[in-house]
Amino acid sequence: EKKEKENYVTEKRTSVVLENLGQTIISDLGSLESQQDFRTPEFEEFNGKSDSLFFNDGQRRIDFVLVYEDESRKETNKKGTNEKQRRKRQAYESNLICHGLQLEATRSVSDDKLVFVKVHAPWEVLCTYAEIMHIKLPLKPNDLKNRSSAFGTLNWFTKVLSVDESIIKPEQEFFTAPFEKNRMNDFYIVDRDSFFNPATRSRIVYFILSRVKYQVINNVSKFGINRLVNSGIYKAAFPLHDCKFRRQSEDPSCPNERYLLYREWAHPRSIYKKQPLDLIRKYYGEKIGIYFAWLGYYTQMLLLAAVVGVACFLYGYLNQDNCTWSKEVCHSDIGGKIIMCPQCDKHCPFWKLNITCESSKKLCIFDSFGTLIFAVFMGVWVTLFLEFWKRRQAELEYEWDTVELQQEEQARPEYEARCTHVVINEITQEEERIPFTAWGKCLRITLCASAVLFWILLIIASVIGIIVYRLSVFIVFSTQLKNLNGTDPIQKYLTPQTATSITASIISFIIIMILNTIYERVAIMITNFELPRTQTDYENSLTMKMFLFQFVNYYSSCFYIAFFKGKFVGYPGDPVYWLGKYRNEECDPGGCLLELTTQLTIIMGGKAIWNNIQEVLLPWIMNLIGRFHRVSGSEKITPRWEQDYHLQPMGKLGLFYEYLEMIIQFGFVTLFVASFPLAPLLALVNNILEIRVDAWKLTTQFRRLVPEKAQDIGAWQPIMQGIAILAVVTNAMIIAFTSDMIPRLVYYWSFSVPPYGNHTSYTMDGYINNTLSIFKVADFKNKSKGNPYSEQGNHTTCRYRDFRYPPGHPQEYKHNIYYWHVIAAKLAFIIVMEHLTLLPRLEYIYEIRLLEQLTFDFIDSLYYIFIFYFNNIYFLFCYFLFPSTFFGANSVFSFIKFLKL
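Conventions and cut-offs
- Here, residues in each chain are numbered from 1, in the same order as that chain's written sequence.
- Local features are withheld for residues below a pLDDT of 70 in this predicted model, meaning they are given only at 70 or higher, and side-chain atom pairs are given and counted only at 80 or more; totals for whole chains, interfaces and linings count all residues.
- Based on all heavy atoms of the structure, the side-chain values leave hydrogens and waters out of the count.
- Helix numbering and strand numbering both begin at the N terminus, where a helix is a DSSP run of H or I of at least 4 residues and a strand a DSSP run of E of at least 2.
- Burial classes follow relative accessibility: with a 1.4 Å probe on protein chains only, a residue under 20% of its type's maximum area counts as buried, one over 50% as exposed, and anything between as partly exposed.
- In what follows, residue pairs with any heavy atoms lying within 4.5 Å of each other are defined as contacts.
- Here, Shrake-Rupley sampling with a 1.4 Å probe gives the accessible areas, and only protein chains in the shown set may cover a residue.
- Exposure above 30% relative accessible area and the lack of any salt bridge qualify a residue for a patch; like charges then connect within 9 Å, and the nonpolar side chains Val, Leu, Ile, Met, Phe, Trp and Tyr within 5 Å.
- A carboxyl oxygen of Asp or Glu within 4 Å of a side-chain nitrogen of Lys or Arg is what we treat as a salt bridge.
- Whether two strands pair depends on DSSP finding at least two bridges between them.
- Convention adopted: a line fitted to C-alpha atoms gives each axis, helices being fitted over their contacting stretch, and angles between N-to-C directions are expressed from 0 to 180 degrees.
- Aromatic pairs are defined between Phe, Tyr and Trp rings, using the six-membered ring for Trp, whenever the two ring centres lie within 6.5 Å; interplanar angles under 30 degrees are classed as stacked, those over 60 as edge-to-face, and all others as tilted.
- A pair of cysteine sulfur atoms is labelled a disulfide when the two atoms are within 2.5 Å.
- Under the counting rule used here, the positive set is Lys and Arg, the negative set is Asp and Glu, and His together with the chain ends is not counted.
- Here a polar contact is taken to be a pair of N or O atoms separated by no more than 3.5 Å, where protein atoms must pair a possible hydrogen donor with a possible acceptor and residues adjacent in sequence count only if both atoms sit in side chains.
- Given a helix with a known number of residues, its expected span is that number minus one, times 1.5 Å.
- A residue's bend is given by the angle between axes fitted to the 7 residues ending at it and the 7 residues starting at it.
- What makes a nonpolar core is a set of buried Ala, Val, Leu, Ile, Met, Phe, Trp, Tyr and Cys residues whose side-chain atoms join them at distances within 4.5 Å.
- An angle below 35 degrees is treated as roughly parallel, one above 145 as roughly antiparallel, one from 65 to 115 as roughly perpendicular, and anything else as oblique.
- Crossing handedness: left-handed means the near helix sits turned counterclockwise from the far one by under a right angle, and right-handed means the same turn made clockwise.
- Residues are sorted three ways: Asp, Glu, Lys and Arg are charged, Ala, Val, Leu, Ile, Met, Phe, Trp, Tyr, Cys and Pro are nonpolar, and all the rest, Gly among them, are polar.

*Asks:* Help me understand the overall build of the protein chain in this model?
*Replies:* A count of helical and extended segments in the protein chain gives 28 helices and 19 strands. Counting the 901 residues in the protein chain, one finds 48% classified as buried. Long-range pairs, those at least 24 residues apart, make up 76% of the contacts in the protein chain between residues at least 6 apart in sequence. Taken as a whole, the protein chain presents about 45,900 Å² of accessible surface, with 59% of it coming from carbon and sulfur.

Structure representation (structure tokens):
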């Protein structure tokens, strides 16, 4: 309640200041024709200085640029619409001038229909809004010594990876405080022109642009530059880059930060260097800076996971020749003589086990003891990554001065424009406007949730479609390949299972990308309809919708292969049918692990290629087409604002999609890593390129973003924590139920020796024969035609993958004792692995939280002791030295107020 009251008071004060800054001329703009006193910007010709960041007078800096198309020169017959747009724009620009901003208009050099309105915020406006926005500004230089590095002996190595300080000089550190105009003399103001850096100036101007009104109809205000851009009244609004990225500016006062970022950050030759995070934060703001800091830290941590993953992969690769069960599959006297039962009805033939020889060899690489070690390691790795990132994030909060971020977030203009209902605030007991009633809010939430559920069900339907495709196309592949013998080079590498898996994975990836493209727009429409109050609420709501959809979209096929395929197939005499028509899929004799690995490889690789095409190729092509159409522009000198206008707009949700891409990858790396130890290596290579691609994109292909403040990565942190906990469960279940590690261990320790086995010592010999059950061909069932396989040879028995008693046994085709031993071992393994992985994590988190609480308690105790003794000393000092003054009524009252403070 206290925080609610403080927020209300701050909003009240802000709104009062905004209303009193200037006399707006659109208080009753419902009748546009009645307004004649618009204040228009000055029109100036371009002075020929292409690198200039100032008005034509060379004194006033350009803080923002608005672009519109002159209605009088448009080639259209909609004169009424053009006139309304012109009046709204004139009212908006007039209001900007009334709020203290200075405007200067210049026509385009290459297209005379375009007009660029340059915006400058003078000193008084900057100071006023800096106080409203609680912007922290320098008080005095920081004279505290930096701590020395713990790796001092490796300075020569870190120096090679670091940015050259002679090129990008370290930023001077200051003690800061929220700006207050009445304490201006306390701030470190050496030069008024440099006290507010360009990023801060752009933030302040954008704050004003987003809240200035341009129309009022029926007591509902319309305001904000975003609404004007979306309606087409303005074509663009953006802050300026400070120079070209390929060369430095001719202006000696220009810091050339864009050029430095391109040279030391975005250029391919700097791929091995650390990121200049301080310069990124200074140029693009803390929100962009914290994203690249997180991405860089994630990539560094992936290096350790990639090394261990490659080691586990090499262990499996080097030991595949010692894989006994694979040798039995490939052996002509064992696998060559084992006749396997048909895997579909009527059209599928009997087949020999040795045709899966190559896939069994590949499976030995991934389904090895090293995979188990790697799965446990990744459970610990993800815990360390998340906790160490919190520590790094806290360091950045201190270094970037966002620990006590007091940025009071205002309501979104779209929200305020619909505030027509008046209610009494339960906390402040004041009247306030809201966009809809409680019933309307419940209705919107219900409709939005229903829409999200519909799309999730649509994804599940597509997964079911892929499953039906697998079941139907498997019959086709089995029919086409049935005439090939086991030594044919095609069938040696392309079995019906492999062909079905690869084609289904490719189709699944295509469907994923199509649904993803459609749902992005649907999710934005749903969130806009939901109408969140602030931009943070909007991003969090969109984040949850998009991630929930993406989670089901990308991971559903992997979950199906890992935990459902081949688990509910029955046995040849009594198979289980999908939708009453299609017989359920079966795994290879080695399990579904190799197919899961194939699925992950195709989706991860395809997604990385597709994203890079979207992020690199499309903006480059769009800018190339734009330059091709501007033939005349190559013959004339174009100003800085016109060069930036022809770059691509990033969009308000551009950074959101970057986070989403990396979190989806984080899920692939952690959730299914037990089946694919090379996933961290692929993610590492992708992220090294991703950092530089994103840097190149921001510095060369896109307009400069409006700098924004941020303390952390927001809602993505709890999402990663949820994925980390789920990863422990999924990897344990993959090893237990998808791989054949547990059945092999049970055979080795229990069923290879008496009383169940015939060997005198523990061995893997005979594992294949022991784990394949026997079925009598005469027992095949068909509802109308008897035995459907009577014409496919004189086979009397065949083998299938399960643990059941043979025909003739009193409990024929029932699960045998081996099955129950394996089930018990699998459940025991899941419990043990989860405890080994989660308990240290929970204990570590508990100790961190306990240490944090003890630290705060200690600080509070010191503060209490200091205040207590200070009050007593102050009281005695006043009593003995100034008794007459101390006992004055006003002095006592002031002293009591001081004690309360």
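*Asks:* Please explain a nonpolar patch on the surface as it appears in this structure.
*Replies:* Judged by side-chain polarity, Ile609, Ile613, Leu617, Leu618, Trp620, Ile621, Met622, Leu624 and Ile625 come together as a nonpolar surface patch covering roughly 780 Å² of accessible area. As for its placement among the helices and strands, Leu624 is situated in helix 19 (residues 593-629). Taking the relative accessible area as the measure of exposure, Leu624 reaches 40% and is therefore partly exposed.

*Asks:* Help me understand the environment of Pro806 in this model?
*Replies:* Mapped onto the elements of the fold, Pro806 is located in the loop between strand 19 (797-801) and helix 26 (817-881). Since its relative accessible area comes to 34%, Pro806 is described here as partly exposed. For the pair formed by Pro806 and Ile774, sequence separation is 32 residues and the distance between their alpha carbons is 5.3 Å. Leaving out residues up to four positions away in the same chain, Pro806 has contacts with Ile774, Glu812 and Tyr813.

*Asks:* What should I look at first to understand the sheet that holds strand 3 (residues 102-107) in this one?
*Replies:* Adjacent strands of a sheet pair through backbone hydrogen bonds, lying either parallel or antiparallel. Judged by pairing direction, the sheet is mixed, and its 5 strands sit side by side in the order 1-3-4-2-9 without closing on themselves. Each edge of the sheet is formed by a strand with only one pairing partner; in this case those strands are strand 1 (42-43) and strand 9 (236-238). The sheet strands contacting helix 6 (residues 198-209) are strand 2 (64-69) and strand 4 (114-120), and the helix crosses strand 2 at an angle near 45°.

*Asks:* Is there a simple way to explain the packing of aromatic side chains in this structure?
*Replies:* How two aromatic rings sit relative to each other is set out by the distance from centre to centre and by the angle between their planes. This model, assessed by the stated rule, comprises 55 aromatic pairs. A centroid spacing of 6.0 Å and a plane angle of 80° characterise the contact between Tyr68 and Tyr234, whose relative ring orientation is edge-to-face. Of this pair, Tyr68 sits in strand 2 while Tyr234 sits in the loop between helix 7 (225-230) and strand 9, and the two are 166 residues apart along the sequence. The class of Tyr68 is buried, set by a relative accessible area of 5%. When the ring of Phe547 is compared with that of Phe551, the centres are 5.9 Å apart and the planes differ by 50°; the resulting orientation is tilted. Residue Phe547 and its partner Phe551 are located together in helix 18 (residues 535-563), separated by 4 residues, close to a single helical turn. Its relative accessible area of 21% is what places Phe551 among the partly exposed residues.

*Asks:* Help me understand the state of the cysteines in this model?
*Replies:* Here, disulfide denotes a covalent bond that connects the sulfur atoms of two cysteines. Enumeration over the complete set of coordinates arrives at 3 disulfides. Residue Cys330 pairs covalently with Cys357 via a disulfide, S to S 1.9 Å. Judged by the sign of its S-S torsion, about 100°, the bond between Cys330 and Cys357 is right-handed. Of the two residues, Cys330 sits in helix 11 (residues 324-330) while Cys357 sits in helix 12 (residues 357-366), which places them 27 residues apart along the sequence. Classification of Cys357 as buried rests on a relative accessible area of 13%. A sulfur-sulfur distance of 1.8 Å marks the disulfide that ties Cys341 to Cys798. Measuring the twist about the S-S bond at about 90°, one finds the Cys341-Cys798 disulfide to be right-handed. With Cys341 in the loop between strand 10 (339-340) and strand 11 (351-352) and Cys798 in strand 19, this pair connects stretches of sequence that are 457 residues apart. Accessibility classification places Cys341 together with Cys798 in one group, the buried group.

*Asks:* Before we go on, may I ask you to explain the environment of Ala504 in this structure?
*Replies:* Topologically, Ala504 is positioned in helix 17 (residues 496-530). In this view, Ala504 contacts Ile466, Tyr469 and Arg470; residues no more than four positions away in its chain are not counted.

*Asks:* Please explain the side chain of Arg703 as it appears in this structure.
*Replies:* Within the fold, Arg703 resides in the loop between helix 22 (679-701) and helix 23 (716-738). As a buried residue without a salt bridge, Arg703 has its nearest oppositely charged side chain in Asp644, at a separation of 8.0 Å. In terms of polar contacts, Arg703 uses its side chain to reach the backbone carbonyl oxygen of Tyr645, at 2.8 Å. Excluding residues within four positions of it along the chain, Arg703 makes contact with Ala236, Phe238, His241, Asp644, Tyr645, Leu647, Gln648 and Pro649.

*Asks:* Is there a simple way to explain the pattern of salt bridges in this structure?
*Replies:* Scanning all chains against the criterion turns up 29 salt bridges. Residues participating in the shared-partner salt-bridge network are Glu171, Glu257 and Lys282.

*Asks:* I tried to follow helix 18 on my own but got confused; where do I start?
*Replies:* Since one α-helical turn is 3.6 residues long, residues separated by three or four positions face the same way. In a regular helix each residue adds 1.5 Å, so 29 residues correspond to 42 Å; helix 18 covers 39 Å between its end C-alpha atoms and thus fits that length. At Tyr555, helix 18 is bent by approximately 50°, the largest bend along its length. Of all 29 residues in helix 18, 21 are buried, a share of seventy percent or more.

*Asks:* What is the right way to look at the nonpolar core in this model?
*Replies:* The tendency in soluble globular proteins is for nonpolar side chains to be buried as a group. In this structure, Trp265, Trp294, Tyr298, Trp381, Phe385 and Phe668 are the most contacted members of the largest nonpolar core, which totals 145 residues. For this core, the leading source of residues is helix 10 (residues 286-318), giving 15 residues. Those residues in contact with Phe385 that lie beyond four places of it in its chain are Trp294, Tyr297, Tyr298, Met301, Phe666 and Met720. In this structure, Leu101, Ala105, Phe187 and Ile204 belong to the second largest nonpolar core, which totals 41 residues.

*Asks:* Would you mind going over helix 8 (residues 257-266) with me for this structure?
*Replies:* Summarising burial for helix 8: 9 of the 10 residues are buried, a large majority. Of the residues making up helix 8, those classed as buried are Glu257, Arg258, Tyr259, Leu260, Leu261, Tyr262, Glu264, Trp265 and Ala266. Looking at the buried residues of helix 8, the elements they touch are helix 9 (277-284), helix 10, helix 20 (640-645) and helix 22.

*Asks:* Which parts of the structure should I look at to understand unusual backbone geometry?
*Replies:* Leave glycine aside and you will find that most residues have negative phi; peptide bonds, for their part, are mostly trans. Cis rather than trans, the peptide bond between Pro754 and Pro755 has omega equal to 15°. Tracing the backbone through its elements, the reader meets Pro755 in the loop between helix 24 (741-751) and helix 25 (767-771). For Asn256, which is not glycine, the phi torsion reads 55° and is therefore positive. Position of Asn256 relative to the elements: it lies in the loop between strand 9 and helix 8. For Leu531, which is not a glycine, the phi torsion comes out positive at approximately 60°.

*Asks:* Hey, could you run me through the packing of helix 8 against helix 22 in this one?
*Replies:* How two helices pack is summed up by the angle between their axes together with the distance between the axes. Between helix 8 and helix 22, the least distance of the axes is 10 Å, while the angle of their chain directions is 160°. In terms of orientation, helix 8 lies roughly antiparallel with respect to helix 22. Crossing geometry of helix 8 relative to helix 22 is assigned as left-handed. Across from Arg258, Leu261, Tyr262, Trp265 and Ala266 in helix 8, the residues of helix 22 making contact are Ile691, Arg692, Ala695, Trp696, Leu698, Thr699 and Thr700. Residue composition of the contact of helix 8 with helix 22, by class: 8 nonpolar, 2 polar and 2 charged.

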